Amino acid sequence: MKADVEKESLLTIEGMRVEFPSRRGHVVAVERLDLTVEPGEILGIVGESGAGKSTIGNAVIGLLEPPGEMTEGTILLKGDRIDHLDDAAQRKIRGARIGMIFQDPLTSLDPLQTIERQLVDTIQRHLNLGEAEARSRAVDLLDQVGIPDPAVRIAQYPHQFSGGMRQRVVIALALCADPEMVIADEPTTALDVSVQAQILDLMKALCRDRQVGMILITHDMGVISETADRVAVMYRGRVVETGTTQQIMSKPNHDYTKSLISAVPRPDKRLKRFPLVTYIEDAEERPEGLNLATHWLGKVREEHKLTGNLVELKDAHMRFITRHSLFPSRRLFLDAVKDVSFAIQPGEVFGLVGESGSGKSTIARMITGIYKPSGGTITFDGTDMTALESRAAAAPFRRQMQMIFQDPFSSLNPRMRVEDIIEEPIHFHKMAYDRQEATQIMHDLLDVVGLGSQAARKFPHEFSGGQRQRISIARALATRPRFLICDEPTSALDVSIQAQVLNLLKDLQSELNLTMLFISHDLPVIRQVCDRVGVMRHGKLLEVAPTETLFTDPQHDYTKHLLKLMPKFRGFRMPELET
Amino acid sequence: MADVTAQNTQKSWLARAADSDLWYSFCRSPVTIVSAILTVLFFVSAIFANWIAPHNPFDLASISIMDASLPPAWMEGSDPRFWLGTDDQGRDIFSTIIFGARISLFVGFASVIFSMILGISLGLISGYVGGRLDAFIMRVADIQLSFPAILIALLIDGVARGVLPRAMHQDLVFYVLIFAIGISGWVQYARTVRGSTLVEKNKEYVQAARVIGIGPLIILWRHILPNVMGPVLVIATIHLAIAVITEATLSFLGVGVPPTTPSLGTLIRIGNDFLFSGEWWITIFPGIALVLLVLAINLLGDWLRDALNPKLR
């Protein structure tokens, strides 16, 4: 993409290649990259973790983390080469000509200085203004980014602003010196959905009004489809496709773009499975030959036919002491779960949805016995779990309920081999007659989750996030549970990996006839997975309804509010893959 | 990447060790290599002292008062049999250093292991159980930290001398010394292990083990302990140097090992009496040996700390 002689682009990147030398050879983060950004245009760069998106932004402003280095290509800003400048020249461009907006508004402002100090310092560094002029400019900027009472609030410290307001301040900082170009690296990822929409609107308006070109780096297709004019899709360090947002979202050419878009959970309609996502790493399909109906994994032991509910909570209450004291009157408590009652029927996938801190995970931990409830009863298969005193008495029930955790990086013991991780519950519950049988079960489990038995001898750090989550699932299945609790099982994963893991969970659920409690903050994911949903807020269960009813006819105001904030992403769908 | 990891698992543990980041950083640090060589030399000579030392200073039949106070081999009036000279009883300095280092290292190692077992157990319990037991253990640790380690060691040694009959104390002197030095060092292990345990016990792999139904002792032993050992090894290395120094100090003060089985500290004390009568070699050479030993171990410990902490790399 050569820059035209008559019409020069704002930013032109040609043939960029960024390498990170390491002792095991050079890692190429970005290669053969050509991009242009016009004034007033928002170019979205989308891709999954490790695709090299952030590296591009850092290379443009000359802040590549050592030992990273741009080894080929040129970067032109209005015709001036800005790559390979010395530090002093880089600093003149950074802030003055190119502004930067980072992901986390909590850490990108100095907590010990007032907003005024940070803004005025930045303005004075780049523009030749006196203290008073700089201050009035700062107030102006705060006004423009939509902070009410800017003259008053400018004297405050960052902790006095909410997350969204802080991100506005960061945007004001980036605009201090009237830059020609702004790079926004995941600017809304750390924000709530409602705030996200406002910030994106603000950025769009600013770009249009000030004719600033913007590179918007994100992993979120929804953000891209609502904000960007043009999109570049990145995969493993290369741009696989560029085009207008309209074209990419409705008629993507590259297979990767198709996979990526189809992996986004649909908020508007439930699909039986996610469309086949083929163009993705580690997409090992499960062996077809395994018939679970006759396989040992399908055989459930010591189980009588259930007539009632499998799991039932009655007025379950969880109170944590936040301040200890000898005197009961001086103790402080936090009620994480307040008198919650619900029941899960056999074979059902029950969803719990709510913001962070609403008590969803606490409920999961109460059911599994990690926390002892401070009130109410939890019944499993007709037995009151809260009345069981000893660990030995609870053991047979523990075997029947297992849990899959959120963070695939901390849920596996880093010092144990995969085989030991999966065999541990088998040995503990004496599910095998001898070591040989345990090993056989472990190999089968690895096959079932699509990893293959060669994974057994490895350590967890040799796997990617999605693969680790598969190991986690294998461990949970090792005791042949009837009830599986999934606590945000995919929120730490990329969207395509999420689609695979959700597909796997759905398959296993229907093949093994598992009962599941599925906890998530992500409404589209809930819609794809759950049969019934409970909505939680501040430790209270507000509403329980079948999924379709909840999405079409919400009763509680808070549910309506949550549904309104749900991203309205309506991307490209591949009808031929929908089943 | 996937291919690389696949190959790694096929290799033997030796090949993987040679490929590890730890070995890589070791090879890039000449100071560390020199200290490692020194440390290994000390250990080998301590273990095989009976074969390496030219004389046996404990063999009363082989020493002669005629050889007393001979200077090192390069000075006038020396005897070529005694490379570093002899002490006031005619013992070969070089051999006594080797045997002395053996006793110093033995006492040091034993007390480090004693400290480690005590400190790690208390730290694990303190961090995992929490509540009042945690508060109690940590307050005891705080109280102990307000005394200098050497004072505690002196105190215990003194009490043991007072309580035990003289003959019995002679037999038990090593154990008393190991206990005295070991008990003064457990706090650091306990605090470090407690801190790491607090972090590890909230990680999801521990919760997964609890969901399976595994009891606290097995969780501590199989899941938490292996994950808190990194910093413990660093402390243990540096603690070994401190223990050797403490032993030398106690022996120098005359409350450590008896002069009949001299450690490095005892040797320095014996030589100290002759320093001003011109026989400097009796105290200087054991002193240099002690400095080299402690310095080498300390440098190794420093390297280990940096190499195991990715943030400093």
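A quick note: this is a predicted structure, and the numbers were derived from the prediction, not measured. (Residues numbered from 1 in each chain as written. Chains lettered and ligands numbered in written order. Predicted model: local features only at pLDDT ≥ 70, side-chain atom pairs only at ≥ 80, totals over all residues. Heavy atoms only, no water.)

Observations concerning the pattern of salt bridges
All names here are of chain A. As enumerated under the stated definition, the model contains 30 salt bridges over all chains in all. Two residues, lysine 78 and glutamate 180, come together in a salt bridge whose shortest N-O distance is 3.7 Å. Residue lysine 78 is found in the loop between β4 (69-77) and β5 (80-81), and its partner glutamate 180 is found in the loop between α6 (163-175) and β7 (181-185); the two are separated by 102 residues along the sequence. According to the relative accessible area criterion, lysine 78 is partly exposed, its value standing at 44%. On the basis of relative accessible area, glutamate 180 is assigned to the buried category, the value being 18%. Here lysine 360 and glutamate 488 are joined by a salt bridge, their closest N and O atoms 3.9 Å apart. Highlighted residues: lysine 360 in helix α11 (residues 360-368) and glutamate 488 in the loop between β17 (483-487) and α16 (495-512), separated in sequence by 128 residues. Here the two residues lysine 360 and glutamate 488 agree in accessibility, since each one is buried. (Salt bridge = Lys/Arg side-chain N within 4 Å of Asp/Glu carboxyl O. Helix = DSSP H or I, 4+ residues; strand = E, 2+ residues; numbered from the N terminus. Buried < 20%, exposed > 50% of the residue type's maximum accessible area, 1.4 Å probe, protein only.)

A look at the sheet that holds β5 of chain A
Residues and elements named next belong to chain A. Strand order in the open sheet made by the 4 strands is β2-β1-β4-β5, with antiparallel pairing throughout. The open sheet has two edge strands, β2 (25-37) and β5, and neither has a second partner. As paired strands, β4 and β5 are joined by 2 bridges and run antiparallel to one another. Of the residues in β5, the one forming a bridge with leucine 77 is aspartate 80. The sheet contacts of helix α1 (residues 53-60) involve β1 (11-22), β2 and β4, and relative to β1 the element is tilted by about 110°. (Pairing = 2+ DSSP bridges. Contact = heavy atoms within 4.5 Å. Axes fitted to C-alpha atoms, helices over the stretch in contact; angles between N-to-C directions.)

Section: the packing of helix α15 (residues 465-477) of chain A against α16 of chain A
Residue and element names in this part refer to chain A. Here α15 crosses α16 at 20°, and the two axes come no closer than 10 Å. Taken together, α15 and α16 sit at an angle that is classed as roughly parallel. Judged by the sense of rotation from one axis to the other, the crossing of α15 with α16 is right-handed. Contacts between α15 and α16 involve Gly466, Gln469, Arg470, Ile473 and Leu477 on the former and, on the latter, Ile497, Gln500, Val501, Leu504, Leu505, Leu508 and Leu512. Tallied by class, residues from the contact of α15 with α16 come to 8 nonpolar, 3 polar and 1 charged. (Parallel < 35°, antiparallel > 145°, perpendicular 65-115°, else oblique. Left-handed = near helix turned anticlockwise from the far one by under 90°. Nonpolar A, V, L, I, M, F, W, Y, C, P; charged D, E, K, R; others polar.)

Some words on the domain arrangement of chain A
As a measure of interface size, the accessible area lost when the parts come together is often cited. As assigned here, chain A comprises domain 1 (11-108 + 179-263) and domain 2 (336-412 + 480-577). The gap between the C-alpha centroids of domain 1 of chain A and domain 2 of chain A is 36 Å. (Domains from an automatic or database assignment.)

With respect to the interface of chain B and chain A
In this assembly, 24 residues from chain B lie in contact with 30 residues from chain A. Summed over the three residues of chain B that lose the most area to chain A, namely Glu204, Val211 and Ile212 of chain B, the buried surface amounts to 29% of that side. For the pair chain B and chain A, the interface holds 1 salt bridge. Of the charged contacts, one joins arginine 222 of chain B and glutamate 424 of chain A as a salt bridge, the two residues approaching to 2.5 Å between their closest N and O atoms. Seen at the junction of chain B and chain A, the total is 11 residue pairs in polar contact (both at pLDDT 80 or more). When residues in the side of chain B that touches chain A are grouped by element, the largest group, 7 residues, is from helix α11 (residues 204-212) of chain B. Taken together, the residues of the side of chain B that touches chain A break down into 9 nonpolar, 8 polar and 7 charged. (Buried area = accessible area lost by both parts, 1.4 Å probe. Polar contact = N/O pair within 3.5 Å; in protein donor to acceptor, adjacent residues only side chain to side chain.)

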